[in-house]
Amino acid sequence: AYLIYHKAQPYSFLTFTDKSGVIWELTVLGFMLKVGQDVREQVAGMYWAKALISTALAAFGGGFLAPIIVGHCPIPLREETFAWIMVFSWYVTHH
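The notes below deal with the structure included here. (Residues numbered from 1 in each chain as written. Predicted model: local features only at pLDDT ≥ 70, side-chain atom pairs only at ≥ 80, totals over all residues. Heavy atoms only, no water.)

On to the overall build of the chain. Of the regular secondary structure elements, the chain holds 7 helices and 0 strands. Buried positions account for 29% of the 95 residues belonging to the chain. For the chain, long-range pairs separated by at least 24 residues make up 47% of all intrachain contacts whose partners lie at least 6 apart in sequence. In the form shown here, the chain has an accessible surface area of approximately 6900 Å², with 68% of it arising from carbon and sulfur atoms. (Helix = DSSP H or I, 4+ residues; strand = E, 2+ residues; numbered from the N terminus. Buried < 20%, exposed > 50% of the residue type's maximum accessible area, 1.4 Å probe, protein only. Contact = heavy atoms within 4.5 Å. Areas by Shrake-Rupley, 256 points an atom, 1.4 Å probe, with all protein chains shown as cover.)

All chains considered together, the criterion is met by 1 salt bridge. A salt bridge links lysine 34 to aspartate 38, with the shortest nitrogen-to-oxygen separation between them at 2.3 Å. Residue lysine 34 and its partner aspartate 38 are both found in helix H3 (residues 23-38); the two are separated by 4 residues, about one turn of the helix. The exposure class assigned to aspartate 38 is partly exposed, which follows from its relative accessible area of 44%. (Salt bridge = Lys/Arg side-chain N within 4 Å of Asp/Glu carboxyl O.)

The full count for this structure, using the stated rule, is 2 aromatic pairs. An aromatic cluster is defined as three or more aromatic residues linked by ring pairs; in this entry it consists of Tyr47, Trp48 and Trp90. (Phe/Tyr/Trp six-rings, centres within 6.5 Å; stacked < 30°, edge-to-face > 60°.)

Its place among the elements puts serine 89 in helix H7 (residues 80-94). Among the residues examined, serine 89 registers a relative accessible area of 0% and is labelled buried. Among residues more than four places away in sequence, those in contact with serine 89 are Leu29, Met32 and Leu33.

Here the focus is H3. Taking 1.5 Å as the rise per residue, H3 with 16 residues should run 22 Å; its terminal C-alpha atoms sit 23 Å apart, in good agreement. Those residues of H3 that are buried lie in contact with helix H4 (48-60) and H7. (Expected span 1.5 Å × (residues − 1).)

Dropping the structure here:
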């Protein structure tokens, strides 16, 4: 239904290059909210900045650490939308 409504091509939708809708951002938001809830108890007594960074590392995992190991810039640092969604999700789940 999403593909038909937004007139997206299957290739652009499946390769995450479709710019016609916000389905990708909503999916990332849902994932970040889930991760924020999962690590809530682990970061309960931490300073807010350390808790935010710990939550971000839990969310991105290998997508953050693997590029650093091979000398590349991690995806979350290249796409600022992820950072704002992570901050929003962390704030909603912890406050």
